[in-house]
Amino acid sequence: MSTRGTQAMDRTADPDAVHLLRLYVAGQTPKSLAAMANLKRFCEDHLPGLYAIEVIDLLEHPELAAGDQILAIPTLVRRLPEPLKRIIGDLSSTEKVLVGLDIRGKGTSP
Amino acid sequence: MPFDATALPKAPTGVSGFDNVTLGGLPIGRPTLICGPAGCGKTLFAMTFLVNGATLFSEPGVFMSFEERAADLTANFASLGYDLDGLVAAGKLAIDHVRVERSEIEESGEYDLEGLFVRLGYAVDTIGARRVVLDTIESLFSGFTDPSVLRAELRRLFGWIKDRGLTAIVTGERGDGQLTRQGLEEYVSDCVIQLDNRVEDQITTRRLRIVKYRGSAHGTNEYPFLIDDQGITVLPVTSSGLQRPVSSEIVPSGIPGLDAMLRTGGFYKGSSILLSGVAGTGKTTIGSHFADAACARGQRCMFFVFEEGADEVCRNALSVGLDLKARVGSGLLRFEAARPSLYGLEMHLARMHRDLESFRPDVVVIDPISAFRGPDTEVHATLLRMLDLLKSRGITALFTSLRAGDTQMDGTDCLSSLMDVWIKLSNIEADGERNRTLYVIKSRGMSHSNQVREYRVTDAGIELSEAYVGAEGVLTGAARLNQEARERAAAMRRLQEVARRQREISRRRQALERQIDELRADLQAGEDEARKLIFEEEGHDATLTSDRAALATLRGAAE
C-alpha cells in the first residue's frame, strides 16, 4: 500500500479535481504488476499532479474486499471525484480507462 | 433403503424430511446445486441449511448473497423466527452481500475473480465456517462481459470449495432447456436438487427432486415440500410399506350403541374407519363423538376439518352435549382447518404429515375426505398415502366421506377396500319424514352385527335403537313407532282373547261342577230313601216273627 500527493479534494467533477484512486490487487501476480504499471503511466499521462494512488493487497488485508465490493482482481476504484467508478482488468486499454474515469482528451490537449 | 456407514459422509440440513430422502443430508465437502424457478424457495432452503448448521450441528456458515442485501435477508428470515443478526453477532454466521452493478464497472484488460475468493476465504476463516451458500452466483454473468473468464473462475471456485472441504450450496435460476441459465450443473456435478413450484388447477404445489447425487443412494421421486412459518418441510410420504406394528388394543367409538354392534366393543387401535353417508346423516357428529371419547380417555386427538371452521364444529357438537372447546382447552384436541382448495393434494398431505409429527395424536378424525377433488387417480394415491401415514404411526383414524345421492360408488368408495371398518349411514325417507340408519358393512378381524340400526341425534348425543325390519322393509321413525304401536295393540288383543277363553273355561268348569253336585245330591237322596225302606222292611220282618211267636204261644196254651 502506498499513498502519494493528497491535495485538497473537490467534489465537483471539474477536470482539475483530484482523483483519489485505489487499486486492489491480490499478491504480485503478473496482472497486478501490469495494472500497477499501467495505472502509474496513465495517471502521469492524463492526470499529472491530480491524483493519489492507493494500492491494496487483498492477501494482506482480505477484510477490505467487502467494503468496496471487490470481486475482480485487479480492480481500480475511483473514490473521488464522485460518483464512485470501478474499472477492472490490468488497465491495458487506455481508452477504456479514459471512459471509465470520465476523462476525455485530457493530457493530450492542454 | 440400505444405508452404508462407510458411504459418503453427509452434512444434515435439519430440514425435516429432506435428510430422510437423501439418507443423511448433503455431501460433506462438496458443492450442491439447488436450482429452480423464481420464488421456489432456493434462498430459503439455503439459509435454512446454514441456520440449522449453526444452531443444531455447530457448523458455522457463510452466506454469500449476490441478490439480496444482508439487511433484507435478516428482515425476510425474521418472519421464520431466524435471528440472523444474533447468529452473526455470535460468530456463527457471516453474510456477505456481493453487489454486481454492470453500469459501475468498466473493463480494461485481463482480470480474474480472485477478489471473490479473498472475500469468501476471509469470511470462512473468520468464523471457522464449514458451510457456504452462494446465492445466486449466476448474477455474476450479468456483471461481466466475458463469460469465458467467469466460467473458468467458477470452475476454480468449486475446486477451491472442495479443497477447503466446505459443504456448499450454490443456487441457480432455471434456464431454457437446462437446469440453470448458465449451465452451472456443468460445474457442480456431485449433487443437484431441483425445486419446483407448479400450478395445477389454480393450486400451487412445491416439489423437490434430487436430480443426481453422486456416490449416494437417494429417493428419486418428486417430493412435495412446504414453506410456512415453520420453514421448509419436505415430505417423504411414499416410503410407507405394509410392514407395520399391529395392535389388538380397542378404541371405542364413543357411541355405546355402535360399540355394541362390534364384538370387540370398538375398533382396533391403528385401524382406519370409513364413515360414509349422504348429506345430513351426522357424519361430523359421529366424528365429534369419536374425538370427544378419545379425549375423555386422556388420548390426544387431531381433528382435520375441510368444510367447516373449528369453532363451527365445536358449536355444533355442543348441541349434542359434547364440549369440544373444553377438550381443545385441555390440550388433548387440536383442530386443523383448511379449505381443500387452499393447497394441492400433496400439500394437504404434507401439512398433515407435519401436524402429525408435531402433535403426535392417538386418534385422528378427517372430515371429510370426499372434499378432495382432483383426478381420480391422484386423489386415490393421495388418500392411500394418507392412510399409510396414519397406519404407520398406529393412529386410529376416522374418515368421513360424503356420498353423492344414493349411488354406491363414488371417488372415495374405492378407498373402502383399504379401510378396516366401513360404516354406512343413510337416510330413509318414508311417511313424510327422514330417518337415519347405520350399518356396519365390514369390520376386519371381528364379528359385527349385520343389522341396520336406526340412530337419533339427541341432546345427549347419538343414540342407536334397533330398527324394525319386517316384510315391508326397514321401518324407522314414526313408521317404526306406528308399527310398534300396532304390535302392542295386537298383543293386547291376544292377551284379552286368552283371558276371555280362560274365563269361559272356568265358567264351564263351575257349571259342570254344579251339575255334578246336583247329581251327587240326587244320588244321596235316592240312597237315603232306599236305606229307609230297607230299615222299615227289616222292622216289619222282626214284628212278624215276634207276632208269629206270640200267636204260637197263644195257640199252644189254648189248645
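About the cut-offs
What you see as residue numbers is a count from 1 along each chain, following the sequence as written. The order in which chains are written sets their letters, starting at A; the order in which ligands are written sets their numbers, starting at 1. Where totals are concerned, whole chains, interfaces and linings use all residues; where local detail is concerned, this predicted model gives features only for residues with pLDDT of at least 70, and gives and counts side-chain atom pairs only at 80 or more. To qualify as a helix, a DSSP run of H or I must reach at least 4 residues; to qualify as a strand, a run of E must reach at least 2; elements of each kind are numbered from the N terminus. Once C-beta atoms are placed from the backbone, each residue is buried if 20 or more other C-beta atoms lie within 10 Å of its own, exposed if 12 or fewer, and partly exposed for counts between those two. Contact definition: two residues whose C-beta atoms, as placed from backbone geometry, lie within 7 Å. The pLDDT value tells you how sure the predictor is about a given residue, anywhere from 0 up to 100. A set of buried residues qualifies as a nonpolar core if it consists of Ala, Val, Leu, Ile, Met, Phe, Trp, Tyr and Cys joined through C-beta atoms within 7 Å. Domain limits in this description derive from either an automatic procedure or a database domain assignment. Note on geometry: axes are lines fitted to C-alpha atoms, helical ones only across the stretch in contact, with angles between N-to-C directions running from 0 to 180 degrees. Should an angle fall under 35 degrees it is taken as roughly parallel, and over 145 as roughly antiparallel, whereas 65 to 115 is taken as roughly perpendicular and any remaining angle as oblique. Under the scheme applied here, ten amino acids are nonpolar (Ala, Val, Leu, Ile, Met, Phe, Trp, Tyr, Cys and Pro), four are charged (Asp, Glu, Lys and Arg), and all others, including Gly, are polar. Following DSSP output, two strands are said to pair if at least two bridges run between them. An expected span of 1.5 Å times one less than the residue number is assigned to each helix. Starting at the helix axis, one direction is taken to each C-beta atom, and the arc is that of these directions.

Participant: Before we move on, can you summarise the overall build of chain A with the specific residues and values?
Facilitator: Within chain A one finds 3 helices and 4 strands. Start at the N end of chain A and walk to the C end: the helices and strands fall as β-α-β-α-β-β-α. Sorting the 110 residues of chain A into buried and exposed places 36% on the buried side. Sequence-distant contacts in chain A: of pairs separated by 6 or more residues, those separated by 24 or more amount to 69%.

Participant: Just give me the short version of the overall build of chain B, but keep the residues and values in it.
Facilitator: For chain B, the count of helices and strands is 14 helices and 25 strands. When the 559 residues of chain B are sorted by exposure, 41% land in the buried category. Partitioning the contacts of chain B with sequence separation of at least 6, the portion at a separation of at least 24 is 70%.

Participant: Let's hear about the confidence of the model for chain A: which residues, and what values?
Facilitator: Residues and elements named next belong to chain A. Residue-level pLDDT values for chain A average 79, and 79% of them are 70 or greater. Confidence scores differ between elements of chain A, with helix α3 (residues 94-100) showing the lowest mean pLDDT of 82 and strand β2 (residues 51-57) the highest of 91. pLDDT under 50 marks residues 106-110. Its contacts with residues more than four places away, or in other chains, come to 4 contacts.

Participant: Can you tell me about the nonpolar core, naming the residues and giving the values?
Facilitator: All names here are of chain B. By size, the foremost hydrophobic cluster in this structure holds 154 residues, and its most contacted members are Val132, Val133, Ile273, Cys301 and Phe303. Top contributing element to this core by residue count: helix α2 (residues 42-55), with 7 residues. Viewed by domain, this core spans two of them, domain 1 (10-234) and domain 2 (250-480), each represented by three or more residues. Setting aside residues no more than four positions away along its own chain, Val132 makes contact with Gly61, Val62, Met64, Leu120, Val124, Ile161, Leu166 and Ala168.

Participant: Break down the packing of helix α12 (residues 345-359) of chain B against helix α13 (residues 376-392) of chain B for me, with residues and values.
Facilitator: Residue and element names in this part refer to chain B. Interaxial distance between α12 and α13 falls to 10 Å at its minimum, and their mutual angle equals 5 degrees. Considering their axes alone, α12 and α13 lie roughly parallel with respect to each other. Across the interface between the two elements, Leu345, Glu346, Leu349, Met352, His353 and Leu356 of α12 pack against Glu378, Val379, Thr382, Arg385, Met386 and Leu389 of α13. Split into classes, the residues belonging to the contact of α12 with α13 amount to 7 nonpolar, 2 polar and 3 charged.

Participant: Residue-level account of the sheet that holds strand β4 (residues 85-88) of chain A, with values.
Facilitator: With respect to topology, 5 strands assemble into an open sheet ordered β2(A)-β1(A)-β3(A)-β4(A)-β6(B), the strand pairing being mixed. If you trace the sheet from one side to the other, it starts and ends with β2 of chain A together with β6 (105-107) of chain B, each paired once. Averaged over all adjacent pairs, the angle separating strand axes in this sheet is 20 degrees, with direction ignored. The pairing of strand β1 (residues 19-25) of chain A with β2 of chain A spans 7 bridges and is parallel. Bridging across to β2 of chain A, Tyr24 of chain A finds its partner in Ile56 of chain A.

Participant: Any chance you could break down unusual backbone geometry for me, citing the residues and the numbers?
Facilitator: All names here are of chain B. For the bond running from Asp135 to Thr136, omega is -20 degrees, close enough to zero to count as cis. Inspection of the secondary structure puts Thr136 in the loop between β7 (131-135) and α6 (140-143). The backbone of Leu23 shows a phi angle near 55 degrees, a positive value even though the residue is not glycine. With respect to the helices and strands, Leu23 occurs in the loop between α1 (18-21) and β2 (26-27). The phi dihedral of Arg360 falls on the positive side, at around 50 degrees, and the residue is not glycine. Residue Arg360 is classed as exposed on the basis of its C-beta count, with 11 C-beta atoms lying within 10 Å.

Participant: Describe the interface of chain B and chain A, and please don't skip the residues or the numbers.
Facilitator: In this assembly, 21 residues from chain B lie in contact with 29 residues from chain A. Elements represented by at least two residues in the side of chain B that touches chain A include exactly β6 and α5 (114-127) of chain B. Broken down by element, the side of chain B that touches chain A gets its largest block of residues, 7 residues, from α5 of chain B. Each residue belonging to the side of chain B that touches chain A can be placed in one class, and the counts come to 8 nonpolar, 4 polar and 9 charged.

Participant: So what's going on with helix α1 (residues 30-46) of chain A? Residues and values would help.
Facilitator: Residues and elements named next belong to chain A. Here α1 contains 17 residues, and its C-alpha end-to-end distance of 24 Å stays within 8% of the 24 Å for a straight helix at 1.5 Å per residue. When we look at burial in α1, the residues that qualify are Lys31, Ser32, Ala35, Asn38, Leu39, Phe42, Cys43 and His46. The buried side chains of α1 occupy one side of the element, clustering within an arc of 130 degrees when seen end-on. More than 90 degrees from the buried face of α1, the exposed residues found are Pro30, Arg41 and Glu44. Contacts made by the buried residues of α1 are with β1, β2, β3 (75-80) and α3.

Participant: Help me get a handle on α5 of chain B, residues and values and all.
Facilitator: All names here are of chain B. Taking 1.5 Å of rise per residue, 14 residues should cover 20 Å, and α5 covers 20 Å from first to last C-alpha, within 8% of that figure. Of the residues making up α5, those classed as buried are Glu114, Gly115, Leu116, Phe117, Val118, Arg119, Leu120, Ala123 and Val124. Among the residues trailing α5, Gly128 stands out with phi positive, at a value near 65 degrees.

Participant: I'd like a rundown of the pairing of strand β10 (residues 203-213) of chain B, residues and numbers included.
Facilitator: Residue and element names in this part refer to chain B. Bridge count for strand β9 (residues 191-200) against β10 is 10 bridges, and the pairing is antiparallel. Note on β10: the bridge partner recorded for Asn197 is Arg206. Across 4 bridges, β10 lies against strand β11 (residues 222-228) in antiparallel orientation. Counted as the bridge partner of Arg206 is Phe225 from β11.

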